Amino acid sequence: MLVAAAVCPCPPLLVPEVAAGAAPELDAARDACLDAVGVLAASRPDLLVVVGPGDDRSAGPHPAGARGSFRGVGVDLDVTLGDAQQDAAAPDRPLPQSLTVGAWLLGRARWTGAPVEGLAVAESEPTRECAETGRSLARRAERVALLVMGDGSACRTLKAPGYLDERAAAFDARATEALGSADLDALEALDATLARELKAAGRAPWQLLGGAARDAGLAGRLLYEDAPYGVGYIVAAWS
């Protein structure tokens, strides 16, 4: 059963070494993410799964010990997702960006709790399949926690990666309200086609969370919401 969840954005800029001189601009987001991870630790799960968007090549499970890197954004920094099981074969796939940021965040929080696994969800994954995957994850252990990585729309301003789309602010507002209040029906109602048009990579992981939380009775709390660099970032904790 799902006992806790943390929702965090996944831009590489969350990592101070990547942001460099601009690092202080996301201090509030980093602090909120660490607070959300603290909620996961307090729930004392038997299993923690880091969930985030991925492409067709990276979609699927990523075992403990999988490695990710920020070399692609010009920083000589590697991270590992949890601790590999003894005698386990070395993972053959690198972590996608979202899970790499999640692994960095757990390292920053000095996670020493439950075993950690990763799951990358294709951004094109239909709503129903996302929810069913979430329900399956929630049945993996008696006490399951999720660290859900994903950004809102990348079309919030003229200088945003996806340029300005007038629909973006309203979409992010609906997502923020749903994640901040653990409104499962509102999460399920997020339009996958619109999310793709608005470059909202968090849609599939968020809807996976909604499926995992069915019948769990969790309450949500919004910890942070902003759109620096024209991209919607949301941090929430469910417990």
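Engineer: Help me understand helix H5 (residues 168-181), please; the structure alone is not making it clear to me.
Structural biologist: One turn of the α-helix equals 3.6 residues, which is why residues spaced by three or four share an orientation. For H5, which comprises 14 residues, the first-to-last C-alpha distance of 20 Å matches the rise-based estimate of 20 Å (1.5 Å per residue) to within 8%. Along H5, the positions that sit buried rather than exposed are Ala168, Phe171, Asp172, Ala175, Thr176, Ala178, Leu179 and Gly180. Lining the buried residues of H5 we find strand S1 (2-8), helix H6 (184-188), helix H7 (192-197), helix H8 (203-212), strand S8 (220-226) and strand S9 (233-238). Residue Ala182 follows H5 closely and has a positive phi angle near 55 degrees.

Engineer: Sorry, what's going on with the side chain of Gln207 here?
Structural biologist: Structurally, the position occupied by Gln207 is in helix H8. Residue class for Gln207 comes out buried when judged on its relative accessible area of 3%. For Gln207, the side chain forms a polar contact with the side chain of Arg203, separated by 2.8 Å.

Engineer: Would you explain the environment of Gln97 in this entry?
Structural biologist: By the element assignment, Gln97 lies in helix H3 (residues 97-108). Judged by its relative accessible area of 45%, Gln97 is partly exposed. Residues Gln97 and Ala120 lie 23 residues apart in sequence; the distance between their C-alpha atoms is 9.7 Å. Excluding anything up to four places from it in sequence, Gln97 contacts Cys10, Pro11 and Pro12. There is a polar contact of 3.4 Å between the side chain of Gln97 and the backbone oxygen of Cys10.

Engineer: Is there a simple way to explain the pairing of S9 in this structure?
Structural biologist: Each regular strand shows side chains that alternate between the opposite faces of the sheet. For S9, the buried fraction is high: six of the six residues fall into the buried class. Of the two faces of S9, the one lined by Tyr233, Val235 and Ala237 and the one lined by Ile234, Ala236 and Trp238 are each fully buried. Relative to S9, S1 runs antiparallel, the two being bridged by three bridges. Its bridge partner lying in S9, Val7 is registered against Ala236. Taken together, the six bridges between S8 and S9 define a ladder with antiparallel strand orientation. Looking at the pairing, Gly220 lines up with Trp238 of S9. As consecutive antiparallel partners, S8 and S9 are separated by six residues, and within that stretch Tyr229 has a phi angle of approximately 60 degrees, a positive value.

Cut-offs used in this document
- Residues numbered from 1 in each chain as written.
- Predicted model: local features only at pLDDT ≥ 70, side-chain atom pairs only at ≥ 80, totals over all residues.
- Heavy atoms only, no water.
- Helix = DSSP H or I, 4+ residues; strand = E, 2+ residues; numbered from the N terminus.
- Expected span 1.5 Å × (residues − 1).
- Buried < 20%, exposed > 50% of the residue type's maximum accessible area, 1.4 Å probe, protein only.
- Contact = heavy atoms within 4.5 Å.
- Polar contact = N/O pair within 3.5 Å; in protein donor to acceptor, adjacent residues only side chain to side chain.
- Pairing = 2+ DSSP bridges.

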